[in-house]
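# Coordinates in review
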Amino acid sequence: MIEEIEQLQEEAVAAIQGAADPVALEEFRVRFTGRRSQLRTIMSGIGDLSEQERPAVGQAAGRARKAIDAALHQRTRTLEEAGRESSRIDVSLPGRRPMSGVLHPLTRVAEELVTILEGMGFTVADGPEVDDEYHNFDALNTPADHPSRDLHDTFYLKDGRLLRTQTSTVQIRVMESGPPPVRIISPGRVYRRDTVDATHHMVFHQIEGLYVDKGVSMGDLKATLTAVGRRVMGESTRIRLRPHFFPFTEPSVEYDFSCGLCSGADSDPGGPTCRLCKGTGWIEIGGAGMVDPAVFEAVGYDPEVYTGFAFGLGFDRISMIRHGIDDIRLFLENDLRFTRQF
Ligand code: FA5
C-alpha cells in the first residue's frame, strides 16, 4: 500500500507541475486531493488497518498530501506570475487602431440625395415598409384588376398586408395627413418578386418626391430631376426623359442617366455588352409624372385648384453608376471586403 501511495504522489506532483493554466490546475487539485480522490479514500481506510501497518501507511499518506499541497502552491504562484508578465503593457509596440465603421454606399447616396433635395425645399417624410393594398395600389389609382399590378408582384403577409413595392405609398399617407401645399421626399426600402440579376433585386431602394401646390408644372419636374441628376452624378451626366405610363401620374415619364460604367461607349451593338446598361448607354433610374387627378380625389385634394409632380428614383442604380459597381447583389451580401471600399 505504501508503494501505491508513493506512486500516486509521484503522478500527482508531475501532473500539477505540468498544469498549463489555472483551470487545469484546479482540475488536478480536485482529482488528487478532493473528497473523492484516491488519497482521501486511502486515508479514510487507515483506521481499519492492523496496528503494525497503520503508522507506516499513515506517515506515507501524510507525506504524499504535503508534497501534493506544496506542488499545488508552487504551481499556483508560477502561473500567477506568468499571467502578470503577459498582461504587462509593452509601450514600444505600435498602437492598435480601433476599427472605424464606414457608411454603406447606399446610405451615403441616400443621405446625399436628401441633402440635395432638402436644399430645394423638400422635407423628409416616413412611411411603413409593411403596408396595405390600399396605400400600395388602390389609392394610387391601381385597382385590383389593373394590369400594372402584375409588374409589382410582392410578398404578402398572412393578414393581407404586403411589403410595399414602391415608396409612392408615402405620397398617399402624407396627403391624407394634411392639406396642400406639400413638398416631401421619402427614402426607403421596397420589395418586389422580381427575378434577381445584375441590375434587379427583390429588395431595393427608392426615394420618392412629391410637390403639390397651385401652378406646379411638368417644367418644375424636369428642372428638379435634371438638377438632382447633375448634382449627384456630375455635370457631364446626361439625362433622358421618356414617355411612359404610371396609373397615378398623367402624363408620366421614365428617366434615365447615362451609363457611368461604359460611359455609353458600349452602345455599339456589335461591341461587348456592358453588364450595367446592357449596351444601351443608358440606365433607367426612375419614374415620374404629374399627379393624376384621381389620386387627388382619393385623398380629398381639389384637382381643379392644385397640381403636383411626383417622382420615384431607384438609388441602388445611382450608387452602382457612381462607383462602377456592376452587380446590385453586392449591396445586400454584407461582405465587409466590399463595403469597406467606400
Ligand atoms: C415606380 O416604382 C414608381 N413608383 C415611380 C414613380 C413615382 C412614378 C412617382 C411616378 C410618380 P418603377 O417600377 O419604374 O416605378 O421603379 C422605379 C425605379 O426603381 C426604376 O426606374 C429602377 O431604378 C428601380 N427599380 C425597379 N425595380 C427594381 C429592381 N428589381 N431592382 C432594383 N431597382 C429597381
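Higher on the page you've got the structure.
Residues numbered from 1 in each chain as written. Predicted model: local features only at pLDDT ≥ 70, side-chain atom pairs only at ≥ 80, totals over all residues. Heavy atoms only, no water.

## What to know about the packing of aromatic side chains
The relation between two aromatic rings is expressed through the spacing of the ring centres and the mutual angle of the planes. Across all of its chains, the model carries nine aromatic pairs by this definition. Aromatic side chains Y211 and F309 sit 5.6 Å apart centroid to centroid with 80 degrees between the ring planes, which places their arrangement in the edge-to-face category. One end of the pair, Y211, is in strand 5 (residues 203-213); the other, F309, is in strand 9 (residues 307-314), with 98 residues separating them in the sequence. Residue Y211 shares its accessibility class with F309, and that shared class is buried. Three or more aromatic residues link up through ring pairs in this structure, and these residues are F122, Y211, F309 and F311. Lying across the ring of F122, R183 places its NZ or CZ 5.9 Å from the centre. (Phe/Tyr/Trp six-rings, centres within 6.5 Å; stacked < 30°, edge-to-face > 60°. Helix = DSSP H or I, 4+ residues; strand = E, 2+ residues; numbered from the N terminus. Buried < 20%, exposed > 50% of the residue type's maximum accessible area, 1.4 Å probe, protein only. Lys NZ or Arg CZ within 6 Å of the ring centre and 35° of its normal.)

## Observations regarding the site of the ligand
Around the ligand, a shell composed of 27 residues is seen, among which Q166, R192, D194, E284 and I285 lie nearest. At a separation of 3.1 Å, an oxygen atom of the ligand approaches a polar backbone atom of G286. Considering the ligand on its own, with 670 Å² of exposed area, one finds that the protein chains cover 96% of that surface. Those elements that place two or more of their residues in the shell around the ligand are strand 5, strand 7 (249-258), strand 8 (282-291) and strand 9. Among the elements that take part in the shell around the ligand, strand 8 stands out by supplying five residues, more than any other. Here the shell around the ligand is built from residues that sort into eight nonpolar, 13 polar and six charged. (Near = heavy atom within 4 Å. Polar contact = N/O pair within 3.5 Å; in protein donor to acceptor, adjacent residues only side chain to side chain. Areas by Shrake-Rupley, 256 points an atom, 1.4 Å probe, with all protein chains shown as cover. Nonpolar A, V, L, I, M, F, W, Y, C, P; charged D, E, K, R; others polar.)

## A few points about the nonpolar core
If you look at the biggest cluster of nonpolar residues, it comprises 40 residues, and the most contacted ones within it are F311, L313, F315 and I318. Among the elements that make up this core, the one with the highest residue count is helix 5 (residues 105-119) (seven residues). Beyond its immediate sequence surroundings of up to four residues, F311 is in contact with L117, I207, E208, G209, L221, T224, L225, Y255, G287 and A288. Ranked by size, the runner-up nonpolar core spans 23 residues in total, among them A12, L25, F32 and L39. (Core = buried A, V, L, I, M, F, W, Y, C linked by side-chain atoms within 4.5 Å. Contact = heavy atoms within 4.5 Å.)

## As for the environment of C262
Inspection of the secondary structure assignment puts C262 in the loop between strand 7 and strand 8. It is 64 Å that separates the C-alpha atoms of C262 and E80, two residues lying 182 residues apart in sequence. If we ignore the near neighbours within four places in the chain, the residues touching C262 are C274 and C277.

## Quick word on the pairing of strand 7
Here strand 7 lies mainly inside the structure; eight of its ten residues are buried. Strand direction decides the pairing type here: strand 6 (residues 239-246) and strand 7, joined by seven bridges, are antiparallel. Residue pairing for strand 7: I239 is matched across the bridge by F257. Where strand 6 folds back on strand 7, the antiparallel hairpin that results is connected by two residues. For strand 7 and strand 8, the ladder comprises eight bridges, and the chain directions are antiparallel. Residue pairing for strand 8: D256 is matched across the bridge by E284. (Pairing = 2+ DSSP bridges.)

## Notes on the pattern of salt bridges
The full count for this structure, using the stated rule, is twelve salt bridges. Where R65 meets D69, a salt bridge forms, and the shortest distance between an N and an O atom there is 3.2 Å. Of this pair, R65 and D69 both sit in helix 4 (residues 53-87), four residues apart, which is roughly one turn of the helix. Looking at R65, the relative accessible area reads 25%, which means it is partly exposed. For D69, a relative accessible area of 32% gives the class partly exposed. (Salt bridge = Lys/Arg side-chain N within 4 Å of Asp/Glu carboxyl O.)

## Some points on the packing of helix 1 (residues 2-17) against helix 4
Direction vectors running N to C along helix 1 and helix 4 enclose 0 degrees, while the axes themselves pass 9 Å from each other. If you check the angle between helix 1 and helix 4, you find them roughly parallel. In this structure, helix 1 uses I2, I5, E6, Q9, A12, V13, I16 and Q17 to contact helix 4, whose residues at the interface are A56, V57, A60, A61, R63, A64, A67, I68, A71, L72 and R75. Per-class residue counts for the contact of helix 1 with helix 4 are 14 nonpolar, two polar and three charged. (Axes fitted to C-alpha atoms, helices over the stretch in contact; angles between N-to-C directions. Parallel < 35°, antiparallel > 145°, perpendicular 65-115°, else oblique.)

## Examining the sheet that holds strand 4 (residues 182-191)
Think of a sheet as strands paired side by side through backbone hydrogen bonds, with each pair either parallel or antiparallel. Read from one edge to the other, the open sheet built from seven strands follows the order 1-4-5-9-8-7-6, with strand pairing classed as mixed. At either margin of the open sheet sits one strand with a lone partner, and together these are strand 1 (123-124) and strand 6. Here helix 5 sits on the sheet and contacts strand 1, strand 4, strand 5 and strand 9; the angle it forms with strand 5, its principal contact strand, is near 5 degrees. Sheet strands touched by helix 8 (residues 169-177): strand 4, strand 5 and strand 9. Its angle to strand 5, the strand with the most contacts, is close to 35 degrees.

## Quick look at the environment of I172
Along the chain, I172 turns up in helix 8. On the basis of relative accessibility, which here comes to 0%, the residue I172 falls in the buried class. In this structure, the C-alpha to C-alpha distance between I172 and T339, residues 167 residues apart in sequence, is 34 Å. What I172 contacts, discounting residues up to four positions off in sequence, is H135, A139, L140, V295 and V299.

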